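# Chains, contacts and geometry: an overview
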Amino acid sequence: MSDKKRGGYRPNAGRKPIGDEALSATIIARVTPKQKENFKTFGGGDWLRSALTLPEIMESRDLPDWVQRVNPVKQLSVPVFQYSVQAGFPSPAESYKETLDFNELLVNNESSTFVLRVSGESMVDAGIFEDDLIVVDRSRTPKNGDIVVMQIDNEYTVKRFMKTSDGFYLKAENSSGLYKDIYPEEGQEWHLFGVVNYAIKSLAARKVS
């Protein structure tokens, strides 16, 4: 039996809206083949829509003046040697077979990546020391054990994020006992700033400015 109702408008057909706004606009851009592959790898349209709908808190005007927004406008490839360096007895140097761009290594999502300078020693057992630089991704949702930057009322702190059956808390990592773990208290306002992806430290005599 033929269906005379084929064609025309069907309820709930077409692209679904995100939030309260339908997907009615289109973006057309020419990209390189490599950028096209990156687009697919990052998640395609879902990733792009997520990047374009970051909360307003991502804007520089809403951030403390000590937060540095990442702006990787240059590319610089340096050689990566084939074998790991020996921490014991020295071994002959090996020729390198690949290169590495530090932007690609340190930045997963440019628009949500920020650099903060560490103050204090509550995370030294995690390898994070005074004046180290930490690379923070604000688009990530923290998992149990991630190191995060949390805003508690008007103060910022970097600690390890720990989930429990009762909720979560921030764990200090300094065996001296001088720094206590932090648990949410009634009346406090907690806001996740972001998840720490990398810590950068200078081993030279002068500090990174």
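A brief look at the structure comes next. Just so you know, these numbers come straight off a predicted model, no measurement behind them.

Right, let's get into the overall build of the protein chain. The secondary structure content of the protein chain amounts to three helices and nine strands. Across the protein chain, helices and strands are ordered from the amino to the carboxyl terminus as α-α-β-β-β-α-β-β-β-β-β-β. Of all 209 residues assigned to the protein chain, the portion counted as buried reaches 24%. Roughly 16,300 Å² of accessible area belongs to the protein chain as shown, and the carbon and sulfur atoms make up 51% of that amount.

Here we take up unusual backbone geometry. The phi angle at Asp131 is positive, at roughly 75 degrees, despite the residue not being glycine. With a relative accessible area of 28%, Asp131 lands in the partly exposed category. You will see that Asp153, though not glycine, has its phi angle at about 55 degrees, which is positive. Positionally, Asp153 belongs in the loop between strand 6 (147–152) and strand 7 (155–164).

With respect to the helices, strands and loops of the structure, Gln151 is situated in strand 6. One polar contact links the side chain of Gln151 to the main-chain carbonyl oxygen of Asp153, over a distance of 2.9 Å. Not counting residues within four places of it along the chain, the set of residues in contact with Gln151 comprises Tyr156, Glu189, Trp190 and His191.

Throughout the structure, instances matching the rule amount to five aromatic pairs. Where Phe114 meets Phe193, the ring centres are 6.1 Å apart and the plane angle is 70 degrees; that geometry is what we call edge-to-face. Here Phe114, found in strand 4 (residues 113–117), pairs with Phe193, found in strand 9 (residues 190–200); they are 79 residues apart in sequence, far enough to count as distant. The pair formed by Phe114 and Phe193 is uniform in burial state, with each residue classed as buried. Positioned above the aromatic ring of Phe114 is the side chain of Arg138, whose terminal nitrogen or guanidinium carbon lies 6.0 Å from the ring centre. Over the ring of Phe193 we find Arg138; its NZ or CZ atom is 4.3 Å from the centre of that ring.

A separate point is the pairing of strand 6. Where burial is concerned, most of strand 6 is hidden: six out of the six residues are buried. With burial as the criterion, each face of strand 6 is covered, one bearing Ile147, Val149 and Gln151 and the other bearing Val148, Met150 and Ile152. Relative to strand 7, strand 6 runs antiparallel, the two being bridged by six bridges. Pairing of Gln151 across the sheet is with Tyr156, part of strand 7. The antiparallel hairpin formed by strand 6 and strand 7 contains two residues in its connecting segment, where Asp153 sits at a positive phi of about 55 degrees.

Basis of the calculations
- Residues numbered from 1 in each chain as written.
- Predicted model: local features only at pLDDT ≥ 70, side-chain atom pairs only at ≥ 80, totals over all residues.
- Heavy atoms only, no water.
- Helix = DSSP H or I, 4+ residues; strand = E, 2+ residues; numbered from the N terminus.
- Buried < 20%, exposed > 50% of the residue type's maximum accessible area, 1.4 Å probe, protein only.
- Areas by Shrake-Rupley, 256 points an atom, 1.4 Å probe, with all protein chains shown as cover.
- Polar contact = N/O pair within 3.5 Å; in protein donor to acceptor, adjacent residues only side chain to side chain.
- Contact = heavy atoms within 4.5 Å.
- Phe/Tyr/Trp six-rings, centres within 6.5 Å; stacked < 30°, edge-to-face > 60°.
- Lys NZ or Arg CZ within 6 Å of the ring centre and 35° of its normal.
- Pairing = 2+ DSSP bridges.

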